[in-house]
Amino acid sequence: MGPEAREQIKDLGAGTMGGLTSKVIEYPFDTVKVRLQTSDKYTGPFHCARDMARTEGVSSLFRGIAAPIGGAMLETSLMFWAYGSSARILFGGKDNLTLSQITLCGALTGFPIASWLTPVEYLKCRLQAAHTAKLYSGIGGCLVHTVREDGLSALFRGGFATLLREVPGGAVYFGAYELMSRSLTKKGEKASTLAIIAGGGMAGLSYWSAIMPFDVIKSKMQTVSAGEAQFPGVIETASKIFNKSGVRGFYTGLLVTAPRAILSNAVIFTTYDYFRGLLENVF
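Reading the values: rules and limits
- Residues numbered from 1 in each chain as written.
- Predicted model: local features only at pLDDT ≥ 70, side-chain atom pairs only at ≥ 80, totals over all residues.
- Heavy atoms only, no water.
- Helix = DSSP H or I, 4+ residues; strand = E, 2+ residues; numbered from the N terminus.
- Rg over C-alpha atoms; globule rule 2.2 N^0.38 Å.
- Buried < 20%, exposed > 50% of the residue type's maximum accessible area, 1.4 Å probe, protein only.
- Contact = heavy atoms within 4.5 Å.
- Areas by Shrake-Rupley, 256 points an atom, 1.4 Å probe, with all protein chains shown as cover.
- Core = buried A, V, L, I, M, F, W, Y, C linked by side-chain atoms within 4.5 Å.
- Expected span 1.5 Å × (residues − 1).
- Bend = angle between axes of the 7 residues up to and from the residue.
- Patch = residues over 30% accessible without salt bridge, like charges linked within 9 Å, V, L, I, M, F, W, Y side chains within 5 Å.
- Salt bridge = Lys/Arg side-chain N within 4 Å of Asp/Glu carboxyl O.
- Disulfide = S-S within 2.5 Å.
- Phe/Tyr/Trp six-rings, centres within 6.5 Å; stacked < 30°, edge-to-face > 60°.
- Polar contact = N/O pair within 3.5 Å; in protein donor to acceptor, adjacent residues only side chain to side chain.

Participant: Quick one: what's the story with the overall build of the protein, residue by residue and with numbers?
Facilitator: Check the secondary structure of the protein and you find 11 helices and 0 strands. Reading the secondary structure of the protein in the N-to-C direction produces α-α-α-α-α-α-α-α-α-α-α. For 283 residues, the compact-globule estimate of 2.2 N^0.38 gives 19 Å, and the protein sits close to it at 19 Å. In terms of its C-alpha atoms, the protein occupies a principal-axis envelope of roughly 55 × 35 × 35 Å. When burial is assessed residue by residue, the protein has 51% of its 283 residues classed as buried. Contacts spanning at least 24 positions in sequence make up 75% of the contacts within the protein whose residues lie at least 6 apart. For the protein, the accessible area works out to roughly 12900 Å², and carbon and sulfur atoms hold 65% of it.

Participant: Give a detailed account of the nonpolar core, specifying residues and quantitative values.
Facilitator: Phe80, Tyr173, Phe174, Ile217 and Phe269 are the most contacted members of the largest nonpolar core, which totals 31 residues. For this core, the secondary structure elements donating two or more residues are α3 (66-91), α4 (99-108), α5 (110-128), α8 (159-183), α9 (193-222), α10 (234-245) and α11 (254-280). Among the elements that take part in this core, α9 stands out by supplying 9 residues, more than any other. Not counting residues within four places of it along the chain, the set of residues in contact with Phe174 comprises Met79, Phe80, Tyr83, Ile102, Gly106, Thr109 and Phe269.

Participant: Could you give an account of α9, with specific residues and numbers?
Facilitator: A rise of 1.5 Å per residue sets the reference length of α9, with its 30 residues, at 44 Å; its end C-alpha atoms lie only 38 Å apart and thus fall more than 12% short of the reference. Within α9, the axis deviates most sharply at Ile211, by approximately 60°, and proline Pro213 lies no more than four positions further along. Judged by how many residues are buried, α9 sits mostly within the fold: 21 of 30 residues are covered.

Participant: Which residues make up a nonpolar patch on the surface, and what are the values?
Facilitator: There is a patch of nonpolar side chains on the surface, built from Ile89, Leu90, Phe91, Leu104, Leu108 and Phe111 and spanning about 540 Å² of accessible area. Mapped by element, the contributors of at least two residues to the nonpolar patch are α3 and α4. When you line up the elements, Ile89 lands in helix α3. Residue class for Ile89 comes out exposed when judged on its relative accessible area of 67%.

Participant: Could you give me a rundown of the pattern of salt bridges, with the residues and numbers involved?
Facilitator: Following the criterion strictly, the structure yields 26 salt bridges and no others. A salt bridge links Lys124 to Asp30; the shortest N-O distance between them is 2.9 Å. Pair noted here: Lys124 is in helix α5 and Asp30 is in helix α1 (residues 3-38), with a separation of 94 residues, a long-range link. For the pair formed by Lys124 and Asp30, the shared burial category is buried.

Participant: Quick one: what's the story with the environment of Val32, residue by residue and with numbers?
Facilitator: For Val32, the position within the fold is in helix α1. Since its relative accessible area comes to 4%, Val32 is described here as buried. Through-space distance from the C-alpha of Val32 to that of Tyr274 is 30 Å; in sequence the pair is 242 residues apart. Residues in contact with Val32, not counting those within four places in the same chain, are Pro45, Cys48, Ala49, Leu61 and Val256.

Participant: So what's going on with the state of the cysteines? Which residues, and what values?
Facilitator: With the rule as written, the count across this model stands at 0 disulfides. No disulfide involves Cys125; its sulfur sits 10 Å from the nearest other cysteine sulfur, which is in Cys142. Residue classification places Cys125 among the buried positions, given a relative accessible area of 0%.

Participant: Can you break down the packing of aromatic side chains residue by residue, with the values?
Facilitator: According to the stated counting rule, one finds 11 aromatic pairs in the structure shown. Plain terms: the ring middles of Phe80 and Phe269 are 5.5 Å apart, the flat faces sit at 85° to each other, and that makes the pair edge-to-face. Pair noted here: Phe80 is in helix α3 and Phe269 is in helix α11, with a separation of 189 residues, a long-range link. The same class applies to Phe80 as to Phe269, namely buried. Ring geometry for Tyr173 versus Phe174: centroids 5.3 Å apart, planes at 85°, classification edge-to-face. Taking relative accessible area as the criterion, Tyr173 reaches 4% and is therefore assigned buried. The structure contains a cluster of three or more aromatic residues connected by ring pairs, namely Phe80, Tyr83, Tyr173, Phe174, Tyr177, Tyr207, Trp208, Phe269 and Tyr272.

Participant: Which residues make up the environment of Ile211, and what values go with them?
Facilitator: Within the fold, Ile211 resides in helix α9. Residue Ile211 is classed as buried on the basis of its relative accessible area of 1%. Not counting chain neighbours up to four residues away, the residues in contact with Ile211 comprise Arg165 and Gly169.

Participant: Explain the side chain of Thr146 residue by residue, including any values.
Facilitator: Its location among the elements puts Thr146 in helix α7 (residues 139-150). Since its relative accessible area comes to 1%, Thr146 is described here as buried. Within polar-contact distance, the side chain of Thr146 engages the backbone oxygen of Cys142 at 2.7 Å. Sequence-distant contacts of Thr146, defined by excluding residues within four places in its chain, comprise Tyr122, Gly151, Ala154 and Leu155.

Dropping the structure here:
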């Protein structure tokens with residue numbers, strides 16, 4: 001096995017564990033975010049979470065988690081694999097990259113991630129949104145119903161919005177991580193656990209603050225009820241949101257997403273670093 005293959009295996013393995021750990025922790029926040037983006041009945045995230053727990057049970061906050069857990073594991077492994085591979089191919093490695101090089105490699109992670117995430121998030125959003133969740137018995141039922149009623153292509157509804165989210169989001173994500181972690185690390189030294197946690201938290205907060213409008217658009221496109229066509233594309237969806245709620249409408253759910261983003265991405269980078277270190281001793 002060559003050195004490049006070993007590096008890719010390390011990135012994939014450590015990224016997989018980061019995705020698994022973070023998804024379990026942050027999923028309830030994501031459910032509340034989608035409910036706020038797709039329903040007008042809640043006054044805020046705390047009202048939404050309390051109402052769901054009271055009327056649908058605490059388990060409703062984890063509804064649809066099966067697909068996202070698999071999706072998060074593959075997404076995070078793809079992200080670190082794509083970033084590491086891009087850095088090694090373009091610049092000979094991940095060490096001592098400039099900010100522009102970091103953001104370029106980060107942007108390139110958006111293409112494989114968007115390709116994988118679009119169908120996963122379609123199913124997730126359908127199971128989380130109040131007006132579509134009642135249509136399905138679970139992830140399998142949602143998948144079968146979607147393919148039977150709307151065709152396989154329906155799983156990729158919102159794909160362009162996801163790509164618009166992930167490409168600039170990847171650039172912001174890795175750029176923010178490096179800026180924060182480097183600011184807490186002396187030159188020539190390895191980043192401490194505190195620097196990694198702070199960098200991961202800043203990466204998540206910066207990512208969601210930058211791409212929230214595209215996420216709102218995507219959620220709207222992916223939770224259209226059967227037979228409806230009021231959100232047929234990115235531009236049309238954006239216009240509908242703006243006409244109804246103004247600029248504020250593009251940031252629905254950010255209040256609940258921000259703490260979740262800080263927590264989950266601090267976990268992702270810390271877990272990735274830990275397992276990357278373990279794999280260094282194996283390969």
